[in-house]
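# Residue-level structural notes
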Amino acid sequence: MHTIIDKTILFVKEQLKNAEGGHDWFHIERVYRNSILIAKNEQCNLEIVKLGALLHDIADSKFHNGDETIGPKIAHEFLKKENVSEEIISHVIKIIENISFKGGNFEKKFSSKELDIVQDADRLDALGAIGIARTFNYGGFKNRSIYNPNIAPKFNMSKEEYKNSEAPTINHFYEKLLLLKDKMNTESGKKIAEERHLYMENFLSQFYAEWEGEK
């Protein structure tokens, strides 16, 4: 007999079978694994953590004309159909609604240890080697230039500016990725983020050296 976690995995795999490579099932799977890893050192409801991780990107707004209501709606309908309690559904929906970076100036309207864990797990997947690969994959998906020395990164963007940005992919490192290390919630997340952050800094140093013909 399938558990609710088993059913959710099957549901998410089907929903994301044609998703962009950085936001596909494998992204969800990595976030799911990272969430379980972080949760080992935290007092939390593991079922809510698992469901939040599995459903956090069920309909990412960037692929739905910026509509942030679709993901929570799909998740709610699925969990309701599976007879999950309203208390758990409500918590999972709040995780989905509050997990995103949104330019870094988004104030969370909800707090819980489970959200902290899933948010850290999601942010870890935007760091390190995987983070670099995902960033360039999405940049290619949106047909953005890799780098333009004449276009400087923009800081302190509003949520709308961040969502509508068409800046070169390298700028995304400064506008989001390199900021994540200091926004981690859990001690486990902070420790892993430090190592991945350093990897990205080394990558950028190599990138600029190659760009300028120094290496």
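Let us look at the structure shown here. (Residues numbered from 1 in each chain as written. Predicted model: local features only at pLDDT ≥ 70, side-chain atom pairs only at ≥ 80, totals over all residues. Heavy atoms only, no water.)

## A look at the overall build of the protein chain
Convention followed: Strands here mean DSSP runs of E at least two residues long; helices mean DSSP runs of H or I at least four residues long; both are numbered from the N terminus. For every residue, the accessible area obtained with a 1.4 Å probe (protein chains only) is divided by the maximum for its type, and the residue is called buried under 20%, exposed over 50%, and partly exposed between those limits. Working rule for contacts: check all heavy atoms of both residues, and any pair within 4.5 Å makes them a contact. Throughout, the Shrake-Rupley method with a 1.4 Å probe supplies accessible areas, and for residues the shown protein chains are the sole cover considered.
Counting its regular elements, the protein chain contains ten helices and zero strands. In sequence order, the protein chain lays out its α and β elements as α-α-α-α-α-α-α-α-α-α. Once the C-alpha set of the protein chain is aligned to its principal axes, its extents read approximately 60 × 35 × 30 Å. The proportion of buried residues among the 215 residues of the protein chain is 47%. Pairs at least 24 apart in sequence give 66% of the contacts found in the protein chain among residues at least 6 apart. Looking at the protein chain as shown, the accessible area adds up to about 11600 Å², and 49% of this sits on carbon and sulfur atoms.

## Here we look at the side chain of lysine 181
The condition is simple: As used in this structure description, the phrase polar contact means that two N or O atoms lie within 3.5 Å; if the pair is within protein, one of them must be able to donate a hydrogen and the other to accept it, and residues adjacent in sequence are counted only when both atoms belong to side chains.
Summarising the element assignment, lysine 181 is placed in the loop between helix H9 (169-175) and helix H10 (187-211). Look at lysine 181 and you get buried, because its relative accessible area is 18%. At a separation of 3.1 Å, a polar atom in the side chain of lysine 181 contacts the side chain of aspartate 182. Here lysine 181 is in contact with Ala193, Glu194 and His197, once residues within four sequence places are set aside.

## With respect to the packing of helix H3 (residues 46-55) against helix H5 (residues 86-98)
Note the threshold: Whenever a helix is involved, its axis is fitted only over the stretch in contact; in every case the axis is a line through C-alpha atoms, and angles between N-to-C directions fall within 0 to 180 degrees. Working definition: roughly parallel below 35 degrees, roughly antiparallel above 145 degrees, roughly perpendicular at 65 to 115 degrees, and oblique for all remaining angles. Left-handed is the label given to a crossing in which the near helix is rotated counterclockwise from the far helix by less than a right angle, and right-handed is the label when the rotation is clockwise. We call Asp, Glu, Lys and Arg charged. Ala, Val, Leu, Ile, Met, Phe, Trp, Tyr, Cys and Pro are nonpolar, and the rest, Gly among them, are polar.
As a packed pair, H3 and H5 sit with axes 9 Å apart at the nearest point and diverge in direction by 45°. In this view, H3 runs oblique relative to H5, as classed from their interaxial angle. The hand of the H3/H5 crossing is right-handed. Of the residues in H5, those in contact with Glu47, Ile48, Leu51, Gly52 and Leu55 of H3 are Ile88, His91, Val92, Ile95 and Ile96. Counted by class, the contact of H3 with H5 contains seven nonpolar, two polar and one charged residues.

Function cannot be read off these values alone, since they describe shape.
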